[in-house]
Amino acid sequence: MRVNPVYHQTSDKLQQELDWITNAKRDSECFGPLYKKYHEQIFRYVYQRMDDQELAFDVTSQVFVKAISNLHKYEYRGVPFSSWLYRIAKSELYQAFRDRKARKTINVESMHLFEMIEELEEEDSSENKIRLMKSLRLLKTNDLQIIELRFFERRSYREIGNVLEITENNAKVKAFRALERLKNLVMNKQTS
Amino acid sequence: MKKIKINIDREGLGSDYIKSRQDFGQVLNEVNKLKPPIWSSAWFYGPIGFSVFIVAVSITALEPPLDMKVKNAVGKMDCMLLIKPVNSENRIYRAKTIFFDKNTTLKGES
């Protein structure tokens, strides 16, 4: 599976990012370059999980407000700054689902559904697609999260690990188990 | 079943459109609104609180305590009474009693 290359950065870029962060810790206005760099990525992450575009823009703004307000707590761990932003985005999303009654949404392309059906070793039919979609709704939040990150957003295991604060290997194991559980759900739907 | 909506092939948004919606100024405004007011920060209570403490201590040190005031007042009465040729011991004792009854809530002190 082709992986989204946006996340991976050279050490020079990471160093430049670290300089921006150091400056932004002293003066919030210096956060500008980081905002420009990550606004689109974070918006896409949020909008991928929401139905309402305007709300997605609002939540994205809130992510950056929280990031700037809590920047003094940020510690560089050799991974892109986006990992930290994704974690804030995840928490802001849950808050939006809870407080603003936003609707949790899975946005998926037909191609991704096809690939998932292939992964599940099922036949590519409209029936199987419907079964797969019903099964996705039944997945536990953590499993759905990892399925979305890996199969619908094509993120690398390293990135998934950084976003979920787990190791790369653990991300692989969790993705495999989530896929197994999804497979079981699809099979149960087939037999029932 | 959880209320999860599934969209298939939703129309994507272009990078230009997303960039056009960037508003770093608004984000900074929100951040400034979140900052606590100056009077509820440690920076305020450090120097200002210390100054207030110093002023309070100074005032307390300059103003004599109540028992000193009483002693001074009684002392003045002593002087007045001693000028008059009377039985000073008794008069002083009574004068102290009158002083306390009129001006303070302290009772029975001699």
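Scroll up to find the structure.
Residues numbered from 1 in each chain as written. Chains lettered and ligands numbered in written order. Predicted model: local features only at pLDDT ≥ 70, side-chain atom pairs only at ≥ 80, totals over all residues. Heavy atoms only, no water.

## Here's the deal with the overall build of chain A
In terms of regular secondary structure, chain A is built from nine helices and one strand. In terms of C-alpha radius of gyration, chain A reaches 18 Å, essentially the compact-globule figure of 16 Å for 192 residues. Taking the principal axes of the C-alpha coordinates as reference, chain A spans close to 60 × 35 × 25 Å. Counting the 192 residues in chain A, one finds 50% classified as buried. Long-range pairs, those at least 24 residues apart, make up 69% of the contacts in chain A with a sequence separation of at least 6. Looking at charge distribution, chain A has the averaged site of its 33 positive side-chain charges lying 4 Å from that of its 29 negative ones. (Helix = DSSP H or I, 4+ residues; strand = E, 2+ residues; numbered from the N terminus. Rg over C-alpha atoms; globule rule 2.2 N^0.38 Å. Buried < 20%, exposed > 50% of the residue type's maximum accessible area, 1.4 Å probe, protein only. Contact = heavy atoms within 4.5 Å. Lys, Arg positive; Asp, Glu negative; His and termini not counted. Charge placed at Lys NZ, Arg CZ, Asp CG, Glu CD.)

## Examining empty space enclosed by the protein
Residue and element names in this part refer to chain A. One pass over the structure, following the stated rule, counts one cavity of 30 Å³ or more. Quantified by volume, the largest cavity comes out at close to 100 Å³. In terms of lining residues, the largest cavity is bounded by Tyr45, Arg49, Lys90, Leu93, Tyr94, Phe97, Lys104, Thr141, Leu144, Gln145 and Glu148. Within the lining of the largest cavity, the residues separate by chemical class into five nonpolar, two polar and four charged. The residues that make up the lining of the largest cavity include at least three from each of domain 1 (11-98) and domain 2 (110-191). (1 Å grid on protein atoms, 1.4 Å probe; cavity = no way out; pocket = protein on both sides within 12 Å on 5 of 7 lines; lining within 4 Å. Points joined across faces, edges and corners; volume = space filled by probe spheres on them. Nonpolar A, V, L, I, M, F, W, Y, C, P; charged D, E, K, R; others polar. Domains from an automatic or database assignment.)

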